[in-house]
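# Summary of structural features
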Amino acid sequence: MEESSKTLYVGLDVHKESIAVAYAPEERGTEVVSLGAIGTRQCDIDKLIRKLQSKGAPLVFVYEAGPCGYWLYRYLTRKGLSCHVVAPSLIPRKPGDRVKTDRRDAALLARLMRSGDLSAGCPRWCVRLPRSRSSSRSTCAPSRSSRSGCTAWRPSCTST
């Protein structure tokens, strides 16, 4: 099998100001690689995409549904990339595993997607997304959106 046909499963832990990133190559014996945190601007996402696409493998992104809407899902799918949003309550966790960090969450999502435990074909794991941008804004209550910074779209980078 050629290197270019191997898939990279990319786990994202999305927050208002940062996104923790980890990826798992398709080979099951390989370790999950944590890339650390990136910003939430379009140029930060584009830089991540270029970095991962340079590895010559198809990309599959996965992240937990959260209070900041589905702007990232829409942005990635508009670029022709595969992206899945999963319900946090349905992600399998080991009993007693109470340590929760952004890096560990991103790595867990990548590992579970690679193993098929978060199968895209299984509607039990995936969240049904609203169709329009206006409906994604309603995912944050109006009183909360001003405090949490939730938006349906993130601003582009400006060149300096």
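Residues numbered from 1 in each chain as written. Predicted model: local features only at pLDDT ≥ 70, side-chain atom pairs only at ≥ 80, totals over all residues. Heavy atoms only, no water.

### Observations concerning the sheet that holds strand β2 (residues 19–25)
- Reading across the sheet, the five strands line up as β3-β2-β1-β4-β5 and stay open at both edges, with mixed pairing between neighbours. Edge positions in the sheet fall to β3 (33–38) and β5 (82–86), since each of these pairs with one other strand and no more. Averaged over all neighbouring strand pairs, the angle between strand axes comes to 20 degrees, with direction disregarded.
- In terms of strand pairing, β2 meets β3 through five bridges, oriented antiparallel. (Pairing = 2+ DSSP bridges. Helix = DSSP H or I, 4+ residues; strand = E, 2+ residues; numbered from the N terminus. Axes fitted to C-alpha atoms, helices over the stretch in contact; angles between N-to-C directions.)

### Section: the pattern of salt bridges
- Counted by the stated rule, this structure contains six salt bridges.
- Across the salt bridge formed by K100 and D105, the nearest N and O atoms sit 2.5 Å from each other.
- For K100, a relative accessible area of 52% gives the class exposed.
- Under the relative-accessibility criterion, D105 is labelled buried at 6%.
- Each member of the salt-bridge network shares a partner with another, and the members are E64, R93, K100 and D105. (Salt bridge = Lys/Arg side-chain N within 4 Å of Asp/Glu carboxyl O. Buried < 20%, exposed > 50% of the residue type's maximum accessible area, 1.4 Å probe, protein only.)

### With respect to the nonpolar core
- In terms of nonpolar packing, the biggest core is built from 25 residues, with L12, F61 and L76 touching the most fellow members.
- Within the residue set of this core, elements represented by two or more residues are β1 (8–14), β2, α1 (42–53), β4 (59–64), α2 (71–78) and β5.
- Residue contacts for L76: discarding those within four places in its chain leaves L12, I45, I49, F61, L81 and C83.
- Grouped together as the second largest cluster of nonpolar side chains are 10 residues, V60, V62, I91 and L108 included. (Core = buried A, V, L, I, M, F, W, Y, C linked by side-chain atoms within 4.5 Å. Contact = heavy atoms within 4.5 Å.)

### Points about the pairing of β2
- In terms of burial, β2 is largely enclosed, as seven of its seven residues are buried.
- Residues I19, V21, Y23 and P25 line one face of β2 and the alternating positions A20, A22 and A24 line the opposite face, and both faces are buried.
- As paired strands, β1 and β2 are joined by seven bridges and run antiparallel to one another. Each bridged residue has a counterpart across the sheet, and for D13 the counterpart in β2 is A20.
- The loop that links β1 with its antiparallel partner β2 comprises four residues.

### Concerning α1
- Helix length check: α1 (12 residues) gives 16 Å between terminal C-alpha atoms against 16 Å at 1.5 Å per residue, within 8%.
- Listing the buried residues of α1 in full gives Q42, D44, I45, D46, L48, I49 and L52.
- The elements touched by buried residues of α1 are β1, β2, β3, β4 and α2. (Expected span 1.5 Å × (residues − 1).)

That is the geometry; function is a separate question.
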